[in-house]
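Chain residues, written in single-letter form:
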Amino acid sequence: MTADNSQDNKTDYRATVFLPKTDFPMKAGLAAQEPKWLERWEKLGLYQRLREQAAGRPKFILHDGPPYANGDIHIGHALNKILKDVIVRAQQMQGKDAPYVPGWDCHGLPIEWKIEEQYRKKGKNKDEVDPVEFRKECRAFAAHWLGVQREQFKRLGIVGDWENPYTTMAFEAEATIVNELLKFAMNGSLYRGSKPVMWSPVEKTALAEAEVEYHDHTSTMIDVAFPVVSSPRAVLLKARPVIWTTTPWTIPANRAIAYGPELDYLVIDVTEVSETAKAKVGDRFLVAEALASEFAKRAGILAWNVIEALTGAQLEGTVCAHPWRGHPEAGGHYDFDVPLLPGDHVTTDAGTGLVHTAPSHGEEDFALGQKFGVEAPFTVAEDGRYYDYVALVAGEHVYKAAPRVCGLLEEAGALLSQGDLVHSYPHSWRSKAPLIYRNTPQWFVSLEKTGLRAAALKAIDETTWVPAQGRNRIRSMVESRPDWVLSRQRAWGVPITVFVNKKTGEILKDKAVNARIVEAVRQGGADAWYVTPAQDFLGDKYNAEDFEQARDILDVWFDSGSTHSFVLESGKWPALQWPADLYLEGSDQHRGWFQSSLLESCGTRGRAPYNAVMTHGFTLDAKGEKMSKSKGNVIDPLTIIKENGADILRLWVVSTDYFEDVRIGKEILAGQVDAYRKLRNTLRYLLGALDGFTDAEKLPYDQMPELERWVLHRLVEMDQHLRAKANGFDFNPYYTALHSFCINDLSSFYFDIRKDSLYCDAKDSIRRRACRTVMDLLFHCLTKWLAPILVFTAEEAWQARFPSEDGSVHLELWPEIPADWRNDELAAKWKRIREVRSVVTGALEIDRREKRIGASLESAPTLYVTESGDAQLLATVNMAEICITSALTVSLDQPPAEAFTLEEVAGVAVKTARAEGCKCQRCWQVLPEVGKSARQPDLCLRCEEVVNAA
């Protein structure tokens, strides 16, 4: 009997096919669904449940670097917080106790700046406001934005102790910061000194290096000749050393000229000049030989003779006068000597080889002055104007001083050239205004006096840096950095709580006084320093009249650098411990938080507060450009969440090589949406295939077919790979491996092959049971491996299969995969089978495209192999099943000329042909046996047996 091909007489067998069944939707609707999961976790008390569940386990402590509480979160915040959350969750699910306590930085200039703006709009100056009232408004501003950011961070799916975060403005935190400061005072490393610091005339405060950014700036560059007063070398008495500078405003502070001891110099005699030249024929100048031509070009000197060549060492003992010495309106202000001094920092990269030295306005200048006893005068006030006693330029603003300075130099016959130079120049990252170096009394922590620099360098070497180049970066910074400037001339922050003896200038070191200060701050916050009478701190032992009470506030980097003490050590968060296992921030924090924490901890505890430090790059737009509102290229994480959901943003984070700068844009996000859809469909397919699965159906390993054992081998490989990457905090290859496993190993290979068995085999067949057993393992593995990344989707999939009132995938641990499932020999065999399969599927794709077949089951190809080993290998498996054809023949014959081959798969060719027989109306295979059964003429023998047994 043959099958009847007419549709009217066919039986509908769909009800007998075991099709997947699940309520897990294909369309995620993340933006709408994610808040519901957040609400569920809130009710569940998920964070507290995690702590209770993990009690007694080995700890993993990631200490949160505090974001600043002054506005909505940006995409950099999202990258940072998501990375932290992924790492913490992955550690928790590997059997650790991994708490996460979020924190905020609340003091400092950005908030103070905002409150000042509010007063300026009212026509008020900040100085007219009671400082305690002003600080109260700063505190309220920080509290508001802390609350806003907290909800935004929670919306990203970050799990943490959100109801009990740390803040640098909490009274206990401020008291601990004060106590940490006083430790430096007691060990002698805190001192008040005068030296040039990076200063913002706009914000009227010193800035830390981490608060500085560099932009192109147009400066006035000048060549200036200094008259020689005396010299041991007669040739120099008639010559004028020439300096070149791009900061004419520092000329009033000039006190020396630096030369390179190893450089070669020339005394030149001018023989010809241009019409516009300020130099005259017969002038003699001293410049470096290597820079003489460039100097002459700038000065309009057309020709000159060399009078004498000198080494730098031969300049020793030469003394010049300031160009303004003897000026009738200067009142003798500039009647000091300007010595020529040897300086290792002098080069022939640019200029004249003679460096104008103003110890008040440069680090190298100051160091040279200190070495040779040259004064560093106070010339510029906090607002960037010269002090009234600075003759000739009093009251001028340094930003606008160049014309006045140049005019005075020209009057003195000292100005030889003037021009503009566009170069990279330091600016404030807040006001965007250019900065200056300014000599001013400040509080410092010495890096040398108590061996702090050496301790910090040792701690750097003992710390794990991820990526590894971070070690060299921070090490070079610490090796070369000057003493730590702790003071800021502001109002909002933790004050420098020390008393200074008016007679001796010494800091008062008294444990009882310190204890009273700390306790007062603990009870009333840092405001206590301003409202408590000094005598109350000093007690009966001292007279307040004898002491000056410091009024500067601490650098906010000292605040955040002290967080390890009041967060990890305080006991307020029992799950935490010191030191942290990991600090994680952007790469700019080598200069910022990582370094301030390192110095603070090494100065008080002798080691770093962390065992490992990880850095990520900056976020750029899709073109690789820095984001800015003016460019209109800012990507808002809140908008992404609203449109696509937080899981898409989280997927983007792990899809990037975040150790470098990362890009984000609409097309990039669209790619993540597509990748997410594939991952979601993998979970959906597993859920559908596992409908009704119970433990009774499970099959032991030794009864598994080879294909299932290959999948289990891959699970071992995946488990080892994912754990290694998670513990190295490298989630890009973690995600890439997971995505590839789902798409290439499962969806387009294993699932594709086993679809027939799942749908059409008898329910209790070995092959189907084995498949469902493996799929159960796959579901457990994939949902848990994805849980740190796709926090909402993994929970949704878990609840779809294991619905409960109090359960969560995030309370689960990663599965322990038996190591003996690893079978490298089997893996090698199936690697070759997959290579051979790719040739078959390539040939079938052409047949489909040419419409010679509709589905691959309509084909019965012949597979030609040149190696007998391949033939023997393929004989051990059902290649028709693996290639999803109705039949397949393996041949060692010579393939016909028209056979299909793939260049990358050697020794294999395929000739396709249509399968012979009729189509089974249940499994759709085309087989000769269909139609041979009188009882079920439309079915193949396998399907007939299943249907009859039902």
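For the structure, check the block above.
This text gives an overview of the structure that appears in the document. Computed from a predicted model, the values in this text were never measured in an experiment.

Reading guide: rules and limits
- Residues numbered from 1 in each chain as written.
- Predicted model: local features only at pLDDT ≥ 70, side-chain atom pairs only at ≥ 80, totals over all residues.
- Heavy atoms only, no water.
- Helix = DSSP H or I, 4+ residues; strand = E, 2+ residues; numbered from the N terminus.
- Buried < 20%, exposed > 50% of the residue type's maximum accessible area, 1.4 Å probe, protein only.
- Contact = heavy atoms within 4.5 Å.
- Lys, Arg positive; Asp, Glu negative; His and termini not counted.
- Charge placed at Lys NZ, Arg CZ, Asp CG, Glu CD.
- Pairing = 2+ DSSP bridges.
- Polar contact = N/O pair within 3.5 Å; in protein donor to acceptor, adjacent residues only side chain to side chain.
- Salt bridge = Lys/Arg side-chain N within 4 Å of Asp/Glu carboxyl O.
- Axes fitted to C-alpha atoms, helices over the stretch in contact; angles between N-to-C directions.
- Parallel < 35°, antiparallel > 145°, perpendicular 65-115°, else oblique.
- Nonpolar A, V, L, I, M, F, W, Y, C, P; charged D, E, K, R; others polar.
- Phe/Tyr/Trp six-rings, centres within 6.5 Å; stacked < 30°, edge-to-face > 60°.
- Left-handed = near helix turned anticlockwise from the far one by under 90°.
- Disulfide = S-S within 2.5 Å.

**Regarding the overall build of the protein**
- What the protein contains, in helices and strands, is 29 helices and 33 strands.
- For the protein, the spread of C-alpha atoms along the principal axes amounts to about 125 × 75 × 50 Å.
- Relative to its full complement of 950 residues, the protein shows a buried share of 58%.
- Long-range contacts, defined as pairs at least 24 residues apart, comprise 78% of the intrachain contacts of the protein with a sequence gap of at least 6.
- For the protein, the distance from the average position of its 112 positive side-chain charges to the average position of its 132 negative side-chain charges is 3 Å.

**A closer look at the sheet that holds strand β19 (residues 484–485)**
- The sheet built from four strands is open, its strands ordered β5-β4-β17-β19 with antiparallel pairing. Looking along the sheet, the strands with just one partner apiece sit at the ends: β5 (205–206) and β19.
- Taken together, the two bridges between strand β4 (residues 190–200) and β5 define a ladder with antiparallel strand orientation. Counterpart to W199 in the pairing with β5 is A206.

**A word on the side chain of N439**
- Secondary-structure assignment places N439 in strand β17 (residues 436–445).
- A relative accessible area of 2% means that N439 is categorised as buried.
- At 2.7 Å, the side chain of N439 forms a polar contact with the backbone oxygen of A376.
- Aside from chain neighbours lying at most four places away, what touches N439 is S194, K195, P196, S360, H361, A376, P377 and F378.

**Points about the environment of Y437**
- Positionally, Y437 belongs in strand β17.
- A relative accessible area of 23% means that Y437 is categorised as partly exposed.
- Between the C-alpha atom of Y437 and that of A875, which follows or precedes it by 438 residues, the distance is 81 Å.
- Contact partners of Y437, with chain neighbours within four places excluded, come to P196, V197, M198, W249, S360, H361, G362 and E363.

**Quick word on the pattern of salt bridges**
- Under the criterion given, the structure shown has 71 salt bridges.
- E585 is the salt-bridge partner of K84, the closest N and O atoms lying 2.6 Å from each other. Placement of K84 in helix α3 (residues 75–92) and of E585 in strand β24 (residues 582–586) is noted, with a sequence separation of 501 residues between them.
- In this structure, E697 and R772 form a salt bridge, with 2.7 Å as the shortest nitrogen-oxygen distance. One end of the pair, E697, is in the loop between α21 (666–689) and α22 (706–727); the other, R772, is in helix α24 (residues 766–786), with 75 residues separating them in the sequence. The residues E697 and R772 share a single accessibility class, namely buried.
- Shared partners join several salt bridges into a network, and the residues in it are E708, R754, D756, D761, R767, E881 and R942.

**Structural notes on the packing of helix α20 (residues 646–655) against helix α23 (residues 731–760)**
- Packing of α20 against α23 brings their axes to within 7 Å, and their N-to-C directions diverge by 110°. Considered as vectors, α20 and α23 are oriented roughly perpendicular to each other. Across the interface between the two elements, L651, V654 and S655 from α20 touch F731, N732 and Y735 from α23.
- A class-by-class count of the residues in the contact of α20 with α23 yields four nonpolar, two polar and no charged.

**Details of the packing of aromatic side chains**
- Inspection of the entire model under this criterion finds 34 aromatic pairs.
- The interplanar angle of 20° and the centroid separation of 5.3 Å between the aromatic rings of Y191 and F444 together place this pair among those described as stacked. Placement of the pair is Y191 in strand β4 and F444 in strand β17, with a sequence separation of 253 residues.
- Taking the relative accessible area as the measure of exposure, F444 reaches 0% and is therefore buried.
- Judged by centre distance (6.1 Å) and plane angle (10°), the ring pair of Y701 and W821 falls under stacked. Note that Y701 is positioned in the loop between α21 and α22 and W821 in the loop between α25 (791–801) and α26 (824–849), a separation of 120 residues in sequence.

**Digging into the side chain of T250**
- Considering the arrangement of structural elements, one finds T250 in the loop between β8 (240–245) and β9 (256–259).
- Of note is the side chain of T250, whose polar atom sits 2.7 Å from the side chain of H356.
- Not counting residues up to four positions away in its chain, the partners in contact with T250 are T245, H356, A358, H361 and Y386.

**Description of the packing of α21 against α23**
- Taken N-terminus to C-terminus, the directions of α21 and α23 make an angle of 40°; their axes are 10 Å apart at the nearest point. As summarised for this structure, α21 and α23 are arranged oblique, according to the angle between their axes. Every pair of crossing elements has a handedness; the one defined by α21 and α23 is left-handed. Where α21 approaches α23, its residues Q672, A675, K678, L679, T682, Y685, L686 and A689 are matched on the opposing element by Y735, H739, C742, I743, L746, S747, F751, K755, L758 and Y759.

**Looking at the pairing of β17**
- Burial within β17 is extensive, with eight of its 10 residues counted as buried.
- By the bridge criterion, 10 bridges tie β4 to β17 in an arrangement that is antiparallel. Within β17, the position partnered with W199 by the bridge is I436.

**Details of the environment of S808**
- Secondary-structure assignment places S808 in the loop between α25 and α26.
- For the pair S808 and W41, spaced 767 residues apart in the sequence, the C-alpha separation amounts to 8.5 Å.
- Setting aside residues up to four positions removed in sequence, S808 forms contacts with W41, L44, L46, E795, W798 and Q799.
- In terms of polar contacts, S808 uses its side chain to reach the backbone amide nitrogen of H810, at 3.0 Å.

**Focus: the sheet that holds strand β18 (residues 464–466)**
- In space, the four strands of this open sheet follow the order β1-β24-β25-β18, with parallel pairing throughout. The sheet is open, and its two borders are formed by β1 (62–63) and β18, each paired with just one other strand.
- Pairing geometry for β1 and β24, over two bridges, is parallel. Considered in β24, the bridge of L62 is made with L582.

**Concerning the state of the cysteines**
- Summed over the entire model, instances satisfying the criterion amount to zero disulfides.
- Of all cysteine sulfurs, the one in C138 lies closest to C106, which takes part in no disulfide; the gap is 11 Å.
- C320 carries a free sulfur, and the closest cysteine sulfur to it, the one in C406, is 19 Å from it.
- Of the residues examined, C320 reaches a relative accessible area of 0% and is grouped as buried.

**Here we look at unusual backbone geometry**
- A cis amide bond links V466 to the next residue, P467, at an omega of -5°.
- Following W578, the chain continues into P579 via a peptide bond in cis, with omega recorded as 0°.
- Along the polypeptide, P579 turns up in the loop between α17 (563–568) and β24.
- You will see that L392, though not glycine, has its phi angle at about 75°, which is positive.
- Mapped onto the elements of the fold, L392 is located in the loop between α9 (363–372) and α10 (402–411).
- A positive phi is found at K851, a non-glycine position, where the angle reads about 60°.
- You can see K851 is positioned in the loop between α26 and β28 (862–865).

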